[in-house]
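Understanding the architecture of this molecule
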Amino acid sequence: MVPRGKKIDPGSEQELEFIRTRVGELETRLAKHLEAARIWQASERRYQALVENLQDLVWQLDPTGRILYLNPVWERLTGFTVEETLGRRFTEFQSAAASARDLRTLADLLAGPGGDLRGYETVFLHKDGRPIHFLVNASAVCDPEGRIIGAYGTSTDITERRRLEHAEAARTGRIIRYQEALLQLRERERKTFIFVTH
């Protein structure tokens, strides 16, 4: 190593040693950077595989509601391909009533920093027109300067749960109607019995 402030003669052994040392330091730094990049890429691949294999829908929107990202679950749940959906507004896949309500909800979510949405229920339409019920959790996304640039979140398909709840409600309603009819029948029988016995 050359002491600070001391001149090196060009072409001298001292200059060659200095260059070898500097090259060695640069190679070490480069190797560390390459290893860090390799680790980062492996981490990115694991994260991507995790997101793409979830059972829940993972999505990202810009501030206008345009879809920027969807994991492959979208295709299974809606019948639309990811490719035909990206860049379109999410409201194109909903009824007018659901889209109006969800646009207001998105505006509220993006209204200020720290926007968060938990347990929000909404309905999308399958390509064949049938409703798909979702339970949504979402957060506002900010850029490095703190400006809100969209939202990301997950949506869980609760269609079967809703179907079972409606079926149970209908069954309970029928039981109540049968019980009321039975009570009315018993009351008529009682009145008839009283009338006949007097």
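In short, a report on the structure. (Residues numbered from 1 in each chain as written. Predicted model: local features only at pLDDT ≥ 70, side-chain atom pairs only at ≥ 80, totals over all residues. Heavy atoms only, no water.)

**Some words on the packing of aromatic side chains**
Test applied: Any Phe, Tyr or Trp ring, taking Trp's six-membered ring, that has another such ring centre within 6.5 Å forms a pair; planes under 30 degrees apart are called stacked, those over 60 apart edge-to-face, and the others tilted. The numbering of helices and of strands both runs from the N terminus, where a helix is a DSSP run of H or I of at least 4 residues and a strand a run of E of at least 2. Type-normalised accessible area, obtained with a 1.4 Å probe on protein chains alone, sets the label of each residue: buried when under 20%, exposed when over 50%, and partly exposed for intermediate values.
Using the criterion set out here, one finds 5 aromatic pairs in the structure. Ring centres of Phe124 and Phe134 lie 5.6 Å apart, and the angle between their planes is 80°; this geometry places the pair in the edge-to-face category. Linking Phe124 in strand 3 (residues 116-125) with Phe134 in strand 4 (residues 131-142), this pair joins segments that are 10 residues apart in sequence. Judged by relative accessible area, Phe134 falls into the buried class, the value being 1%. Following the ring pairs from residue to residue traces out a cluster consisting of Trp74, Phe80, Phe90, Phe93, Phe124 and Phe134.

**Let's talk about the pattern of salt bridges**
Inclusion rule: A carboxyl oxygen of Asp or Glu within 4 Å of a side-chain nitrogen of Lys or Arg is what we treat as a salt bridge.
Counted by the stated rule, this structure contains 10 salt bridges. With a closest N to O distance of 3.5 Å, Glu17 and Arg20 form a salt bridge. Of this pair, Glu17 and Arg20 both sit in helix 1 (residues 13-52), 3 residues apart, roughly one helical turn. Take Glu17: its relative accessible area is 39%, and that puts it in the partly exposed class. With a shortest N-O distance of 3.1 Å, Arg118 and Asp116 are connected by a salt bridge. Relative accessible area serves as the criterion here: at 51%, Arg118 is assigned to the exposed category. Each of the salt bridges in this network shares a partner with another, and the network as a whole consists of Glu13, Glu17 and Arg20.

**Looking at empty space enclosed by the protein**
Using a probe with the size of a water molecule, rolled over the atoms, empty space left in the structure can be pinpointed. Our working rule: We place a 1 Å grid over just the protein atoms. Points where a 1.4 Å probe fits but has no way out form a cavity, open points with protein on both sides within 12 Å along at least 5 of 7 lines form a pocket, and any residue with an atom within 4 Å of a point lines it. Grid points are joined across faces, edges and corners, and a volume is the space filled by probe spheres set on the points. Three categories are distinguished: nonpolar for Ala, Val, Leu, Ile, Met, Phe, Trp, Tyr, Cys and Pro, charged for Asp, Glu, Lys and Arg, and polar for the others, with Gly belonging to the last.
Applying the stated criterion across every chain, the model contains 1 cavity of 30 Å³ or more. Within this model, the largest cavity holds a volume of roughly 280 Å³. The set of elements that each furnish at least two residues to the lining of the largest cavity consists of strand 1 (57-61), strand 2 (67-70), helix 4 (96-109), strand 3 and strand 4. Counted by class, the lining of the largest cavity contains 15 nonpolar, 3 polar and 1 charged residues.

**Brief notes about the pairing of strand 2**
So the rule is basically this: When DSSP finds two or more bridges between two strands, those strands count as paired.
Where strand 1 and strand 2 come together, 3 bridges link them in antiparallel fashion. Across the sheet, Trp59 pairs through a bridge with Leu70, a residue of strand 2. Between the antiparallel neighbours strand 1 and strand 2 lie 5 residues, among them Gly65 with a positive phi of about 95°.

**With respect to the nonpolar core**
What counts, and what does not: Nonpolar cores were defined as sets of buried Ala, Val, Leu, Ile, Met, Phe, Trp, Tyr and Cys residues, with membership established by side-chain atoms within 4.5 Å. Here, residues are in contact when the closest pair of their heavy atoms is within 4.5 Å.
Within the largest apolar cluster, 24 residues are counted, with the highest numbers of intra-cluster contacts made by Leu57, Trp59, Leu70, Trp74, Leu106, Phe134 and Val136. Of all the secondary-structure elements, those providing two or more residues to this core are strand 1, strand 2, helix 2 (73-78), helix 4, strand 3 and strand 4. Among the elements that make up this core, the one with the highest residue count is strand 4 (5 residues). In contact with Leu70, not counting residues within four places along its chain, are Leu57, Val58, Trp59, Val82, Thr85 and Leu86.

**Concerning the sheet that holds strand 1**
Put simply, the rule reads: Comment: axis = line fitted to C-alpha atoms, over the contacting stretch for helices; angle = value between 0 and 180 degrees taken between N-to-C directions.
Read from one edge to the other, the open sheet built from 5 strands follows the order 2-1-5-4-3, with strand pairing classed as antiparallel. Sheet topology places strand 2 and strand 3 at the edges, where each strand pairs with a single neighbour. Taking the axes of each pair of neighbouring strands and ignoring which way they run, one obtains an average angle of 30° across the sheet. Inspection of the sheet shows strand 4 paired to strand 5 (residues 148-157) by 9 bridges, in the antiparallel sense. Along strand 5, the bridge assignment pairs Phe134 with Asp157.

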